[in-house]
Amino acid sequence: MVRIFNSLTRQKEDFEPLEDGKVKMYVCGPTVYNYIHIGNARPAIAFDTVRRYLEYKGYTVNYVSNFTDVDDKLIKASIELKEEVPVIADRFIDAFFEDTGALNVKRATEHPRVMDHMDDIIKFIKVLVDKGHAYESDGDVYFKTRSFDEYGKLSHQSVDDLKVGARIESGEKKEDPLDFVLWKQAKEGEIKWDSPWGAGRPGWHIECSVMARRHLGDTIDIHAGGQDLTFPHHENEIAQSECMTDATFANYWMHNGYINIDNEKMSKSLGNFILVHDIIKEIDPNVLRFFMISVHYRNPINYNRELVEAAAAGLERIQSSYHQAKERLETSVGSGDDGLYRSIIDEKIAAFERHMDDDFNTANAITVWHELATELNKYMRGATTDKEVLEAFVDAFDMFSEVLGVRLVREEILLDEEIEALIEERNTARANRDFARADEIRDSLKEQGIVLEDTKEGVRFRRG
Ligand SMILES: [Zn+2]
């Protein structure tokens, strides 16, 4: 039985989906005005792993993750880049698939976009207005927060707690500082859609309520996202959806923890903002994924080079055992092994499942994977290896790899230092008139997409 820590009740609960064997899951996706940073990569990887494990357990998972392709950041980018909003959104959606694909994140069953749901959004807001949960104010529409008695249930705060410190800024058109925007009047020159309240665009929170309902129905099983979205985003999604449908919006709420960079918060002003697009040129994305899931999804991750290198070494060890076993398999035959190792393998598989059942504890699951590698190495040091036992080891490794989304086939991605070392070696070879070796190095780098260029400052490389 899978148990999930539900942010709503703050405890682990048995996972019982609405419909036997089927899971309806919604994960808040990125705003597509830039490449994703490693903070966005974490929920993508964490909840992809949840999905993979649920699929392993036999569930059919309907996984929906949205793209926010209309919002203030996109409008700002559109002005700065002198490009239309949809052009920018298309570009960064392509980049999102490229980057998450490198991280071995499966495509969602559906990736809905806000722009394709304007009619649904307007209808949804209209119902909220008609039911007295929202009101129009000079071209904007606001949600009347106090009209929802259970407001604050996800973030565990009462409306009265929230009231302290909340105030209406000058120029705001809302009646109560706790109210939030559902529809925003367009400013001159901004992208806009017609609505009963005039030309404008939706607020951020309403998008997810509408797209979750459109693609998954009134009640979903799992709603997931980053911890920073709990309040106000998810709290507001609950308020909108439950006022609209009078049904429970989501039965299980899952939130992943933060990522710090060298123990500091990631921010543009600190200059430690890491884009996945850039970092995977230096770090094997497979290692990045392995590193991220080596921490339980609810715990914070501290990202730094040493820890990533330690993860790389750990993965390397697992991969090396796997490859040796595959090689051995080619020459092994069945020898009627006593079954000791078979029972060890079964035990490790059971332990792996136990940890994954326990709120997807990938950190402990990886420990089990290391233990299995240790057992495999021990087995291969013995005098004979039985074909079927080796196959059982390989199958277990394949299963762990599939569930965790970590590839066992090593893709050689050279680090900058390794390239520099090869360039140095090539320079020496050339100085010694060993042109064969020099050419060999250039060609092998070229095969891996690295182009050498002779410049005044010496040989430089670029990734082609
Ligand atoms: Zn959302």
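Everything numeric here is computed off the predicted structure, so don't read it as measured data.

Regarding helix α2 (residues 72-81)
Right, so step 1: Inspection of α2 places L74, I75, A77 and S78 among the buried residues, and these make up the whole buried set. With its buried residues spanning 160° around the axis, α2 presents them on a single face. Residues of α2 that are exposed and angled more than 90 degrees away from the buried face: K76, I79 and E80.
Right, so step 2: Looking at the buried residues of α2, the elements they touch are α3 (85-102) and β8 (200-202).

Re the UniProt feature "binding site: Zn(2+)" (unreviewed entry) in the chain
Right, so step 1: What UniProt calls "binding site: Zn(2+)" (unreviewed entry) maps, in this numbering, to C28, C208, H233 and E237. These residues run over 210 residues, yet every pair of their C-alpha atoms falls within 10.9 Å of each other.
Right, so step 2: Along the chain, C28 falls in the loop between β3 (22-27) and α1 (38-56).
Right, so step 3: Non-local contacts of C28, meaning those with residues more than four positions away in its chain, are made with S65, N66, C208, H223, A224, L229, H233, H234 and E237.

Things to note about the sheet that holds strand β13 (residues 301-303)
Right, so step 1: An order of β12-β11-β13 is seen for the three strands of this open sheet, with the pairing classed as mixed. Because the sheet does not close on itself, it has two edges, and the strands there are β12 (264-265) and β13.
Right, so step 2: Where strand β11 (residues 259-261) lies against β13, three bridges are found, and the strand directions are parallel. Along β13, the bridge assignment pairs N260 with N302.
Right, so step 3: Helix-sheet contacts for helix α9 (residues 285-293) involve β11 and β13, and the interaxial angle to β13 is about 145°.

Details of the coordination of the zinc ion
Right, so step 1: Coordination sphere of the zinc ion, protein contribution only: C28 (SG), C208 (SG), H233 (NE2) and E237 (OE), at 2.1 to 2.5 Å.
Right, so step 2: Note that the zinc ion binds four donor atoms; their angles at the metal cover 75 to 128°, and the shape is irregular.
Right, so step 3: Site description for the zinc ion: donor spacing in sequence, C-x179-C-x24-H-x3-E. Of this pair, C28 sits in the loop between β3 and α1 while C208 is found in helix α6 (residues 204-216), placing the two residues 180 residues apart along the sequence. Taken as a pair, C28 and C208 share a single burial class, namely buried.

With respect to α1
In an α-helix there are 3.6 residues to a turn, and that puts residues three or four apart on one side.
Right, so step 1: The end-to-end C-alpha distance of α1 is 26 Å, a good match for the 27 Å that 19 residues give at a rise of 1.5 Å each.
Right, so step 2: Burial analysis of α1 places 15 of its 19 residues in the buried class, which makes it a mostly covered element.
Right, so step 3: Trailing α1 by a residue or two, G58 shows a phi angle of about 100°, which is positive.

Points about a negative patch on the surface
Right, so step 1: A contiguous patch of negative charge on the surface is contributed by D262, E264, E306, E309, E417, E418, E420 and E424.
Right, so step 2: Put simply, the parts of the chain that give the negative patch at least two residues each are α10 (305-331) and α14 (416-431).
Right, so step 3: The greatest single-element share of the negative patch, amounting to four residues, is contributed by α14.
Right, so step 4: Note on placement: E417 falls in helix α14.

Side note on the environment of H111
Right, so step 1: Within the element layout of this structure, H111 appears in the loop between α3 and α4 (118-130).
Right, so step 2: Taking the C-alpha atoms as reference points, H111 and V50, separated by 61 residues in sequence, lie 17 Å from one another.
Right, so step 3: Within polar-contact distance, the side chain of H111 engages the backbone nitrogen of A108 at 3.0 Å.

Some remarks on unusual backbone geometry
Negative phi values dominate among residues other than glycine, just as trans dominates among peptide bonds.
Right, so step 1: In this model, F231 is joined to P232 through a cis peptide bond whose omega is 0°.
Right, so step 2: Within the secondary structure, P232 is located in helix α7 (residues 230-245).
Right, so step 3: Although it is not a glycine, H156 sits at a positive phi angle of roughly 55°.
Right, so step 4: Of note, H156 is situated in the loop between β6 (140-143) and α5 (159-163).
Right, so step 5: Given the relative accessible area of 35%, H156 is considered partly exposed.

Quick notes on the packing of α10 against helix α13 (residues 387-404)
Right, so step 1: Taken N-terminus to C-terminus, the directions of α10 and α13 make an angle of 145°; their axes are 10 Å apart at the nearest point. In terms of crossing hand, the pair formed by α10 and α13 is left-handed. Touching I318, S321, Y322, A325, K326, R328 and L329 of α10 are K387, L390, E391, V394, F397 and D398, all from α13.
Right, so step 2: Residue composition of the contact of α10 with α13, grouped by class: seven nonpolar, one polar and five charged.

Reading the values: rules and limits
Residues numbered from 1 in each chain as written. Predicted model: local features only at pLDDT ≥ 70, side-chain atom pairs only at ≥ 80, totals over all residues. Heavy atoms only, no water. Buried < 20%, exposed > 50% of the residue type's maximum accessible area, 1.4 Å probe, protein only. Helix = DSSP H or I, 4+ residues; strand = E, 2+ residues; numbered from the N terminus. Arc of directions from axis to C-beta. Contact = heavy atoms within 4.5 Å. UniProt positions renumbered as here; feature names shortened; annotations may be inferred. Pairing = 2+ DSSP bridges. Axes fitted to C-alpha atoms, helices over the stretch in contact; angles between N-to-C directions. Donors = N, O, S within 2.8 Å, 3.2 Å for Na, K, Ca; no water. Tetrahedral: all angles 85-135°; square planar, octahedral: opposite > 155°, others 65-115°. Expected span 1.5 Å × (residues − 1). Patch = residues over 30% accessible without salt bridge, like charges linked within 9 Å, V, L, I, M, F, W, Y side chains within 5 Å. Areas by Shrake-Rupley, 256 points an atom, 1.4 Å probe, with all protein chains shown as cover. Salt bridge = Lys/Arg side-chain N within 4 Å of Asp/Glu carboxyl O. Lys, Arg positive; Asp, Glu negative; His and termini not counted. Charge placed at Lys NZ, Arg CZ, Asp CG, Glu CD. Polar contact = N/O pair within 3.5 Å; in protein donor to acceptor, adjacent residues only side chain to side chain. Left-handed = near helix turned anticlockwise from the far one by under 90°. Nonpolar A, V, L, I, M, F, W, Y, C, P; charged D, E, K, R; others polar.

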